[in-house]
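# Overview (structure and organization)
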Amino acid sequence: MAKKLIALGNILRAILDRGSVVRPPGAVVENEFLKLCIKCNLCIEACRVAGSGTLERCSILYGLKKYGTPRVNPLRAPCEAVKGRCEPKPPCIRVCFTGALQLIDTSLIKLGSVVWIKDRCIAATKGGCLICYEVCPIPGAIKITKENTPEFNMELCIGCGRCVNACPAKPKALKLLAKGEKRIVI
Amino acid sequence: MFKFNYSKFNRVVTLTGLDTIVGFLPFFRGKVLKPRKSIRKIAKPKVVIVKSPRRDIELMVRRAFNILDGLSDIIGSDSTILIKPNVGFSYVEANTNPKVVEAVVKVVKEYNPRRIIIAESAVRGSDTSYNFEITGLYNIARKYNVDIVDLKRSGDIVTVETYGLKLKTVKVYRLAYEADVIISIPKLKRHVEAGVTISLKNMMGILPDSEKGRFHILDLHQCIVDLNTVFKPDIAVVDALDVMAFTGPSHGEMIKANMIIVSKDAVAADAIAALELFKLEGVKDPVRELYSVKHIVQAEKMGLGTANPEKINVIREVI
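All of these numbers come straight from a predicted model, not from anything done at the bench.

## Topic: the layout of surface pockets
All names here are of chain A.
- A volume near 480 Å³ is recorded for the second largest pocket.
- The wall of the second largest pocket is formed by 23 residues, among which Tyr 62, Arg 71, Lys 175, Leu 176 and Leu 177 lie closest to the centre.
- When residues of the lining of the second largest pocket are traced back to their parent elements, those giving at least two are strand 2 (70-72) and strand 6 (174-177).
- Residue contributions to the lining of the second largest pocket peak at 4 residues, all from strand 6.
- Among the residues forming the lining of the second largest pocket, the class breakdown is 14 nonpolar, 3 polar and 6 charged.

This is how it looks when you write it as structure tokens:
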């Protein structure tokens, strides 16, 4: 009986809230963000028109609370707020009038960090590639080891998703997670 | 009578989104086109290295073309010219100096070709239009009234047969396929995987994003050579004003070399430019290092040009 109840509770929790989501640059802390965001999707539209087009609506799979809020999807395009076309004022922040996204200095932007899955990486299994090193905008965030494999520095990584977008492995050897993100506290 | 027009049909299919379904059917996979022109081979290639500490770039380019006996044997009055600079990154120091592109456009315009196109498809995940803007290439194109095309947004892709070993067919943008003359204006840089990135590697900028990924999966060195069996640049103008040494292609140590390296044989230009880069880095045996760059050696083996520095006529000029 107790086991069934716990399972039911887990399912309920999963319906309401599922894991963390990579938010657009300048997002406030998650609790406040969910309160402030009215799901108007203006930032998504602005990103599509003036930015790179990386933002999309969270699907129902991310939980009821997050359904409809914006998220960064590196598989569509990378976020270009740092060293890209959106500098210095990203269009998603410019159009947000609720204060869920707030203007911050470009050097403080950190959307998350990248996770490397070694078994899928072409450089680790077959040799060559290293396209992630080629496209990385931050010097030192990706280093090449002696075995010619990439090494990711999670502290320097800003989570723009350029490497995830460029990775030619199928399925992708890189994943963008919200781990280590920097958010504005209000 | 109804006539089946393939390109119109293709456009309708892609616009309506049917291509995801139709693409699986073998009949609709698309035509494989034959290469339009054969690559130029030169028996004893000349490579001109013009050095100018004053950086009078237009004079440097003119001087180099004069020593190569002009371009009238390559550029005709009815030819379409594709100028392919390296503007793959959104950091200016990793891209070709726009002044070199300007000088080349100015010189080429005097031969009165039918059309001049500056085109590029940047590295994956980078926005080509933005790169054109920050490097100032849009202004140059407007000033000299030449076309400038962001290939990623131009759309039209064709499949072309190659004479390569690993890559039997390659998908490129139609504009590159239809060009009569290709002028490659790379920046002299180090590259993590390819060793160096000069005019042969620069030709990867006519590929769509999906194809670039395939190159890295297969074998980058061999694929670069296979691509160049069809799309070998007719003229290579290597921008070695500021050289990115030791690491690359996006971040590295910048060395001022104040040079421009020009040749009608892209393989020879690559070999000599790579030697110059290794000398600047202070490598002990530059020739041995050159032979470790697989795609240049392989290009010579497959008969695309000359990479042996002893067989190349190198002319040095200081202005």
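## A closer look at the interface of chain B and chain A
- Taken together, the 23 residues of chain B in the interface contact 24 residues of chain A.
- Summing both partners gives a buried area of about 1900 Å² for chain B against chain A, and 53% of it is carried by carbon and sulfur.
- Contact with chain A buries area across many residues of chain B, yet B:Arg124, B:His216 and B:Ile217 alone supply 30% of it, more than any other trio.
- Inspection of the chain B/chain A interface yields 1 salt bridge.
- Here B:Asp127 and A:Arg85 are joined by a salt bridge, their closest N and O atoms 2.2 Å apart.
- When the residues that make up the side of chain B that touches chain A are grouped by side-chain class, the tally is 8 nonpolar, 10 polar and 5 charged.

## Side note on helix 12 (residues 266-281) of chain B
Residues and elements named next belong to chain B.
- For helix 12, which comprises 16 residues, the first-to-last C-alpha distance of 22 Å matches the rise-based estimate of 22 Å (1.5 Å per residue) to within 8%.
- Here helix 12 lies mainly inside the structure; 14 of its 16 residues are buried.
- Two or three places before Val 267, at the start of helix 12, stands the capping residue Asp 265, its side-chain oxygen 3.1 Å from that residue's backbone nitrogen.
- Looking one or two places after helix 12, you find Gly 282, whose phi comes out positive at around 80°.

## Some words on the confidence of the model for chain A
- In the predicted model, chain A carries a mean pLDDT of 88, and the fraction of residues at 70 or more is 97%.
- Mean pLDDT per element in chain A: helix 1 (residues 2-16) of chain A is the minimum at 77, and strand 2 of chain A is the maximum at 92.

## Brief notes about the side chain of B:Thr80
- Looking at the secondary structure, you find B:Thr80 in strand 3 (residues 80-85).
- With near-sequence residues (within four places) excluded, B:Thr80 lies in contact with B:Arg114, B:Arg115, B:Ile117, B:Ala179, B:Asp180 and B:Val181.

## Focus: helix 14 (residues 294-301) of chain B
Residues and elements named next belong to chain B.
- Among the residues of helix 14, His 295, Ile 296, Val 297, Gln 298 and Ala 299 are the ones counted as buried.
- Taken together, the buried residues of helix 14 touch strand 10 (195-197), helix 9 (199-202), helix 11 (220-228), helix 12 and helix 13 (286-291).
- Positive backbone phi, at 75°, marks Gly 303, one or two positions downstream of helix 14.

Rules used throughout
- Residues numbered from 1 in each chain as written.
- Chains lettered and ligands numbered in written order.
- Predicted model: local features only at pLDDT ≥ 70, side-chain atom pairs only at ≥ 80, totals over all residues.
- Heavy atoms only, no water.
- 1 Å grid on protein atoms, 1.4 Å probe; cavity = no way out; pocket = protein on both sides within 12 Å on 5 of 7 lines; lining within 4 Å.
- Points joined across faces, edges and corners; volume = space filled by probe spheres on them.
- Helix = DSSP H or I, 4+ residues; strand = E, 2+ residues; numbered from the N terminus.
- Nonpolar A, V, L, I, M, F, W, Y, C, P; charged D, E, K, R; others polar.
- Contact = heavy atoms within 4.5 Å.
- Buried area = accessible area lost by both parts, 1.4 Å probe.
- Salt bridge = Lys/Arg side-chain N within 4 Å of Asp/Glu carboxyl O.
- Expected span 1.5 Å × (residues − 1).
- Buried < 20%, exposed > 50% of the residue type's maximum accessible area, 1.4 Å probe, protein only.
- Polar contact = N/O pair within 3.5 Å; in protein donor to acceptor, adjacent residues only side chain to side chain.
- pLDDT = per-residue confidence, 0-100.

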